[in-house]
Structures are given as C-alpha cells and as structure tokens.
Amino acid sequence: MTTHRSSRAAAGLLPGLAVLMLTGALPAQGAETCYQDDSGRIVERRRPGYRPVPCPSAEPRADTSADTPTDTAGRTARRRLPDAADTEAPAAPADPALARRPNPVSPVPRPGLGDYVSRVPVPDRWRIVDTLGYRDRWWDPYNRNVLKADKPVHGEWFFNLGVISDTFVEQREVPTPVGSSSTAEPGDLDVFGSADQWSVSQNLITEFVYYKGDTVFLPPDWEFRLTPVVNVNYTKLDEILGVNVRPSRGDDRTDEHVGLQAAFVDKHLRNVSDRFDFDSLRIGIQPFSSDFRGFLFQDSQLGVRLFGTRDNNRFQYNLGWFRRLEKDTNSGLNDVGKDVRDDDVFVANVYWQDFLRPGVFAQATVLHNRNREDDEVYYDENGFIQRPATIGGERPRRYDVTYLGLNGDGHFGRLNVTGSFYFAFGENEPGTFVQQKVDVRSLFAAAELSMDFDWIRPRLSLLWASGDDDPFDDEENGFDAVFENPQFAGADTSYWIRQGVPLVGGGRVALAGRNAVLPSLRASKEEGQSNFTNPGLLLAGVGADLDVLPSLRVSFNWNYLRFDDTAVLEVARNQGPIFEEIGHDVSMSLIYRPLMTQNIVVRASYARLIPGDAWDALYPDEDADYLLLNLVLSY
C-alpha cells in the first residue's frame, strides 16, 4: 500500500526546472528575471505587482577584442578562466537595504553560457508543481496528495496512509460432527450432521507509514509502520458444539477483534556500492515470506530482520529471528494481548536474480523452528483444546526441526516456471503416537508451469508432500510447514485449500487446515503445533487464467488429490482400509476490477470436491462445495 511516487515525480521535474532557470523563464522569488540580450546587454523582465530588484549591470558588454591576447605567431590565444584566487571580492552595494538582503541574482562565470548565469532560489523540489496551480485533494490517491507521500509533511519526512475494506460472504458445505454431549437434532446419533454453514467476515485494514529519505534509488533512511486491523465475523452452523464448546451458546457466533499485523521500525544502515546496494535492519511485527509461494512460512510475526542487496540488486538476503504471537481464534489475526508463544523461527535466505540466465530467480533457504510448548495446555477462545492436539497420546511436546530449501521462479522464453523443494529433519519429543523421542525426516516438492498465449495463460501444477508409513516407529516422515499460506493450484479458490475439514475428536483435529494444502492433522494452523505424523499428499492440477476484458479475469482449476500414505489415518480413526484417492477438486472464479485498478476488486468463486474412495471412507454421503463472494475497496 505504500507508494513512493514523490521522489519519482520530483526527479522528473528537475530537468525542466533547469531549462526554466537557464532560459530566464522562472522568476526569481516571483519578481523579475535578469537575462542577457543579443547585444550583450543585461536587461530585466518585470512582472507587475512586485518591487523591482536591480540587475548586476544594465550597461552593454564592453568590447574586449582589443584585449584579446595573441601568441608569438599572431594567432588569437584562448583566454584562461579565472581561478577562485584570481577573482576579486565583489564591492559592497551602495544601498544599505541591499546589504541586509541577499541578492537573488549573482554573476557567476560559466563557460559556454555567456558571462552570467542567474542563480535563482526556488522552493523545495516536491513543491515546484504548487507554483503551477496544482492543488492537493486528499480523497484522490492518483494525483498530488500529501496523504499518499507525494510530498513531505515536513523536511524530508513523508507520510502514507492506506485503507482497505475486505469483505467475505461464504456459504459452504463441510462435514460437521454431531456434538458428543448434545445435538441440535433429537434422535440424530450419526457421526456427522448437517454440513451447511454460513460465514461473513469484515476486515478494515489501516496502514500508517511515516518515513524519511529520497526513495528513487534507495530504501527510506527511517521507516515507521503501523497496521491495525479491525475484524467483525459471524458464523452459523446447523449443529451445536461447532461454534463453542458450550451447548448453551447455540449454533451461531458473532465475534470481533482488533489485531496488529504490522508495527515495526526500519533503519537504513548503510549503502555498500555506487549502485545503492544497502543493508537495513527491521525490528517489530512485520510480514515475511520464506519462499515465492508461501509453502513454508508466510506470516506477520514479531521479529528482528537484517536484509539488503548486493551486486546492483542481483543478490538479496535475509537474516531473521521471529518469536510467534498467539492468533485470535475466530479472525486469525495477531492477538498482542496474550503472552508470546515459546515458538521461535530462525531463517536465513539468499535470492540470486538472473541465475544462469536473465529472467530466472533462484533462492536458497535455511529455516529452523524451535518449539518449547511442552509445559502447557492451551485452549482457544471457543473452549476447544489446541495444544496438545487431540490425536494419538494427546501429550504436550516440543520439537526442533530444520528446513533446507531450494526455490526458483522465472521464465525460459515463454515458459513460466516456479519450483520449490524442502528437506525437513530434526527431533520431536514425544512422538504423536509413541511415548519417546522420534526423528523427523520428510520431503516436499512443488512445481508450476505456465505459458502465455495472448490473453490466455494455461497452468500445470504438481505437488508432493511425503507421508508417514508407520506412526509407531521412531521416525516421523510426514511433511508439515511452520505457517503455510499457499498461492498455488488455484489457492483459496480450491475447496481443498480453502476449507478446514474436521477429522477426529469431534472436529478438534482437522484433516487439512483452512487456507492450507498440507493434510497435517493439526488442531489448527493458527494456534496448533506442527505435526509430522500425517498422511502426506499428491496433487496434480491443470488450470487457466483468461483475461476476457482488461477489467475481467476468469480462472478455472481442476486438481486431482490423493494421500501419499493412509497408515496414520487408519490408526487415528481406528478404521480400515482407507484408500489413497481423495477426489477431484474443480473450481472457477471471476475477478472484476471496474476501474481497471486495485481500488475496487470484486471476486466470486465456486468450488466442489468430487469424492474419491478415501473421502467416501472418511465422510460417507457428505457433500463438499462452497460459494464465496469477496469485495475489496482500497485507498
């Protein structure tokens, strides 16, 4: 939301300003301009209504041909320009009033521009346009506006205000467990009840950025950013014990929360090259993504990050430490009113632009997740247990897991390519199903290929996350992320990625979390712990983006889903056999931008999961689809 248009606009005005100054078209302090006519006479161009200021001289330039030096052969010699030591001090003006006031025009010898060039004081470069009659309009983000950092509020300090309204209305069919102690339907003793759910969520995001510095080539010298988010949400189910652990709360819930998604200070430490490569330090709650598509860790968390560039921005690096904040249960926003979690993320990565060939980004990542939440039992705001998860032994645990990753993004000719690979290793104590320390060894790989044909971009998506084939041995092979937010295979247009589907414990543990692709068997992505005893996933999908109009995009996605190994599911559900095929996830979305900008964005999407054998075994006779409407208004 931050825009740095002021410096670009000022940079574009400087050449024109220089021309105006040299041609005499720019008045000195709004009064008159002295210039030299064809005969060499210094004359003045006056504007009515201003007190005249005398020019340095009104006499014609003296003929100096007689004084022109010649060499021994009689040829005219080139006159040497006077040095500073040769130049006499100017005589004091006879008028005492002029002595108390600086002369706006002073004679300065300059070769090639005549004997005199006017040195004219002007306003600061951001306010030059004000002299041409342009006015600020605070409600207009696309023209001069001090609220959008088009000129400084004082000195070299700028302010940028961003406001976003993000509204979701969602109708979905998700398998919903019947309450273990009570039910809304007398006589309904089945495992799953009505799948119909309604949800409305309204976010008001405000971003305040106060920064100092010329940002044409450089990051700000100082930056202070604050991003509070106000959320109001409403959810209605057809079953009780789904919105709250207390049956008396009924089958609907209204909640509100104010979260803080960014609150940091950023200091530009130094420039390290003539091309403005730099080092900067950022401290506070800040957004961070460990890779291009949000597979491993994409969140706004409390942390310290050193980052910068090298070799004319060809290399970029990050060194960071994040201590995770608790999330609000119903909005998913940061809750700074709660104690900080004992969960640390240490990350180092480097980006290599134009790797091997122009147009290709390569990235290497090392990330370590240190969790020490083995001495507590944590319940969310609806009364459901989150740590430890209600699966296996339901024992508090700790883990140290390191991720080694290689990622790429770019194009080879017309072929666009994105790829990710991660290897996770470490220790988990105790294991999910065993009362002993276990080793973590798991793999993840994903790739997306696409190509542009005029207004059509077809896509091919492939993803594999390893699963655990034996939940009772001393090794966990299921891959899980720290905090994923995948922008892949249709993202939240997909039913599988968008919806959190319950598995066991009356819905206390989800098969896959909301806005997540991995079947990690967590209590939740926001408040739970990583779980490396999970079935893993295979995904193969095709899709297409069609820019039907400059303001309208239509997207189609089809994803085939299957588990990598179902041994964990059979143990967790005490059910077997469970086959691997989850089903076919088909979806369509419309994105409409009536102004052909991001100020108004209307999105509608529909998705349906066509069940396979595994889905039928876990959720017999359960429909799975959803309709989403989303309106985004930005200032």
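*Asks:* When you look at the overall build of the protein in this model, what are you seeing that I'm missing?
*Replies:* Along the backbone of the protein there are five helices and 25 strands. Taken across its 635 residues, the protein has 45% of its residues classed as buried. The long-range fraction of contacts in the protein, counting pairs at least 24 apart against all pairs at least 6 apart in sequence, stands at 60%. In the form shown here, the protein has an accessible surface area of approximately 30,800 Å², with 57% of it arising from carbon and sulfur atoms.

*Asks:* I keep staring at the packing of aromatic side chains and nothing clicks. Help me out?
*Replies:* Think of a pair of aromatic rings as described by two things: how far the centres are apart, and how the planes are tilted against each other in angle. In total, this model carries 25 aromatic pairs according to the counting rule given. The structure contains a cluster of three or more aromatic residues connected by ring pairs, namely Phe295, Tyr403, Tyr422, Phe444, Phe479 and Phe488. The ring of Tyr635 is capped by Lys148, whose NZ or CZ atom sits 4.9 Å from the centre of that ring. Lying over the aromatic face of Tyr378, Arg387 brings its terminal NZ or CZ to 4.3 Å of the ring centre.

*Asks:* Can you help me understand the nonpolar core in this one?
*Replies:* The tendency in soluble globular proteins is for nonpolar side chains to be buried as a group. With 61 residues, the main nonpolar core has Tyr403 and Trp496 as its most contacted residues. If we skip the residues at most four places from it in the chain, Tyr403 touches Leu296, Thr365, Val366, Leu367, Tyr422, Phe423, Ala424, Phe479, Asp480, Ala481, Val482 and Phe532. Ile164, Ile205, Val229 and Leu333 belong to the second-largest nonpolar core, a separate cluster that totals six residues.

*Asks:* I would appreciate a short explanation of the environment of Leu237 in the present structure.
*Replies:* If you trace the backbone, Leu237 turns up in strand β5 (residues 222-237). Classification of Leu237 as buried rests on a relative accessible area of 6%. Measuring from C-alpha to C-alpha, the distance between Leu237 and Gln197 comes to 4.7 Å, with 40 residues separating the pair along the chain. Each residue touching Leu237, except ones within four places of it in the same chain, is listed here: Thr176, Asp196, Gln197, Gly242, Val243 and Asp251.

*Asks:* Help me out: how do you make sense of the environment of Leu406 in this one?
*Replies:* Relative to the elements of secondary structure, Leu406 occurs in strand β14 (residues 398-412). A residue is classified by how much of its surface remains accessible, and Leu406, at 55% relative accessible area, is exposed. As for Leu406 and Gly419, which are separated by 13 residues in sequence, their C-alpha atoms are 8.2 Å apart. Contacts of Leu406, omitting those with residues within four sequence positions, involve Gln363, Ala364, Gly419, Ser420 and Phe421.

*Asks:* Looking at this structure, how should I read the side chain of Asp166?
*Replies:* Counting through the fold element by element, Asp166 comes out in strand β3 (residues 157-173). No salt bridge is formed by the buried Asp166, whose closest oppositely charged neighbour, Arg603, lies at an N-O distance of 6.8 Å. At 2.8 Å, the side chain of Asp166 forms a polar contact with the side chain of Asn630. Contacts of Asp166, omitting those with residues within four sequence positions, involve Ser201, Gln202, Asn203, Asn630, Leu631 and Val632.

What counts, and where the lines are drawn
Residues numbered from 1 in each chain as written. Predicted model: local features only at pLDDT ≥ 70, side-chain atom pairs only at ≥ 80, totals over all residues. Heavy atoms only, no water. Helix = DSSP H or I, 4+ residues; strand = E, 2+ residues; numbered from the N terminus. Buried < 20%, exposed > 50% of the residue type's maximum accessible area, 1.4 Å probe, protein only. Contact = heavy atoms within 4.5 Å. Areas by Shrake-Rupley, 256 points an atom, 1.4 Å probe, with all protein chains shown as cover. Phe/Tyr/Trp six-rings, centres within 6.5 Å; stacked < 30°, edge-to-face > 60°. Lys NZ or Arg CZ within 6 Å of the ring centre and 35° of its normal. Core = buried A, V, L, I, M, F, W, Y, C linked by side-chain atoms within 4.5 Å. Lys, Arg positive; Asp, Glu negative; His and termini not counted. Salt bridge = Lys/Arg side-chain N within 4 Å of Asp/Glu carboxyl O. Polar contact = N/O pair within 3.5 Å; in protein donor to acceptor, adjacent residues only side chain to side chain.

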